[in-house]
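One letter stands for each residue in the lines below.
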Amino acid sequence: MTWIWAAFSTGLLGSLHCVGMCGPLMLAVPYSPAQKSKILLEVFSYQFGRIFTYALLGAVIGWIGR
């Protein structure tokens, strides 16, 4: 049970990295304020790519560690 709290704490502290690095990158994504659907698509594609990359890297590292 202790490892769950360690993982949670690591994730919580790691979110500071995301605020400092991913936040400015997200603000740098160009968008057209006139087209809200295009903004949604751009934000979704950025977030999907980010989450997919982290999941893939986690799976590869987990596979190597196994």
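Since the model is a prediction, treat every value here as computed from it, not as a measurement.

**Q** With reference to specific residues and values, describe the packing of aromatic side chains.
**A** Inspection of every chain in the model, using the stated rule, returns three aromatic pairs. Ring centres 6.1 Å apart and planes at 20° place the aromatic pair Phe44 and Phe48 in the stacked group. Of the two residues, Phe44 and Phe48 are both situated in helix α2 (residues 36–65); the distance of four residues between them amounts to about one turn of the helix. No difference in accessibility class separates Phe44 from Phe48, as the two residues are exposed. Judged by centre distance (6.1 Å) and plane angle (15°), the rings of Phe48 and Phe52 are stacked. Of this pair, Phe48 and Phe52 both sit in helix α2, four residues apart, roughly one helical turn. Residue classification places Phe48 among the exposed positions, given a relative accessible area of 52%. Taking relative accessible area as the criterion, Phe52 reaches 47% and is therefore assigned partly exposed. Here the aromatic cluster, defined as three or more aromatic residues joined through ring pairs, consists of Phe44, Phe48 and Phe52.

Definitions and cut-offs
Residues numbered from 1 in each chain as written. Predicted model: local features only at pLDDT ≥ 70, side-chain atom pairs only at ≥ 80, totals over all residues. Heavy atoms only, no water. Phe/Tyr/Trp six-rings, centres within 6.5 Å; stacked < 30°, edge-to-face > 60°. Helix = DSSP H or I, 4+ residues; strand = E, 2+ residues; numbered from the N terminus. Buried < 20%, exposed > 50% of the residue type's maximum accessible area, 1.4 Å probe, protein only.

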